[in-house]
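A look at the structure
Residues per chain, in single letters:
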Amino acid sequence: MHSITLLGRRGCHLCDDAREVIARVAGELGVPWEEVDIDSSAELREKYGEMIPVTLVDGVQHDFWRVSEDRLRAALT
């Protein structure tokens, strides 16, 4: 079973866009997903600060800045 993690922060319009795509794809495919605020961890903030939103599939970085719906679907099927 796959899983998706969205790394982002409040007030990020690209994160809002990514959230919509991830919610749609995950919902259609029955894949669990979670969102993590990078400001909750100094390590995450240092690693991903300027790359958000970052999408992880099964814990591995998949996309950053923009989420490609087609590419995400392909990774999950």
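Residues numbered from 1 in each chain as written. Predicted model: local features only at pLDDT ≥ 70, side-chain atom pairs only at ≥ 80, totals over all residues. Heavy atoms only, no water.

This part takes up the nonpolar core. Ranked by size, the top nonpolar core spans twelve residues in total: Ile4, Leu6, Ala18, Val21, Ile22, Val25, Ala26, Val31, Val57, Val67, Leu72 and Leu76. Residue assignment for this core shows that the elements contributing at least two residues are strand E1 (4–8), helix H1 (13–29) and helix H3 (69–76). With five residues, H1 is the single largest residue contributor to this core. Residues contacting Ile4, with those up to four places away along its chain left out, are Ile22, Ala26, Val31, Pro32, Trp33, Glu34, Thr55, Leu56, Leu72 and Leu76. Core analysis: the next-biggest nonpolar cluster, separate from the first, contains nine residues, Leu7, Cys12, Ile38 and Ile52 among them. (Core = buried A, V, L, I, M, F, W, Y, C linked by side-chain atoms within 4.5 Å. Buried < 20%, exposed > 50% of the residue type's maximum accessible area, 1.4 Å probe, protein only. Helix = DSSP H or I, 4+ residues; strand = E, 2+ residues; numbered from the N terminus. Contact = heavy atoms within 4.5 Å.)

Turning to the pattern of salt bridges, a few remarks are in order. On inspection of all chains with the given rule, the structure shows eight salt bridges. Close ionic contact of Glu28 with Arg73 constitutes a salt bridge, the shortest N to O distance being 2.5 Å. Here the residue Glu28 occupies a position in helix H1, and Arg73 occupies one in helix H3, the gap between them amounting to 45 residues. When its relative accessible area of 23% is taken as the criterion, Arg73 is described as partly exposed. The salt bridge involving Glu69 is made with Arg73; its shortest N-O contact spans 3.0 Å. Placement of both Glu69 and Arg73 in helix H3 is noted, with a separation of four residues, approximately one turn of the helix. Counted as one network, the salt bridges with shared partners bring together Arg24, Glu28, Glu69 and Arg73. (Salt bridge = Lys/Arg side-chain N within 4 Å of Asp/Glu carboxyl O.)

In this section: the pairing of strand E3 (residues 54–57). Residue alternation in E3 divides its side chains into two sets, Val54 and Leu56 and Thr55 and Val57, and both sets are buried. Bridge analysis of E1 against E3 gives four bridges, and the strand direction is antiparallel. Bridge assignment links Leu7 to a residue of E3, and that residue is Val54. Hairpin connection, E3 to strand E4 (residues 60–64): the antiparallel pair is bridged by two residues, and Asp58 has positive phi, about 55°. (Pairing = 2+ DSSP bridges.)

In this fold, Thr5 is placed in strand E1. You can call Thr5 buried: its relative accessible area is 12%. In sequence terms Thr5 and Thr55 are 50 residues apart; their C-alpha atoms lie 5.8 Å from each other. Looking at Thr5, its side chain comes within polar contact range of the side chain of Glu34, at 3.4 Å. (Polar contact = N/O pair within 3.5 Å; in protein donor to acceptor, adjacent residues only side chain to side chain.)

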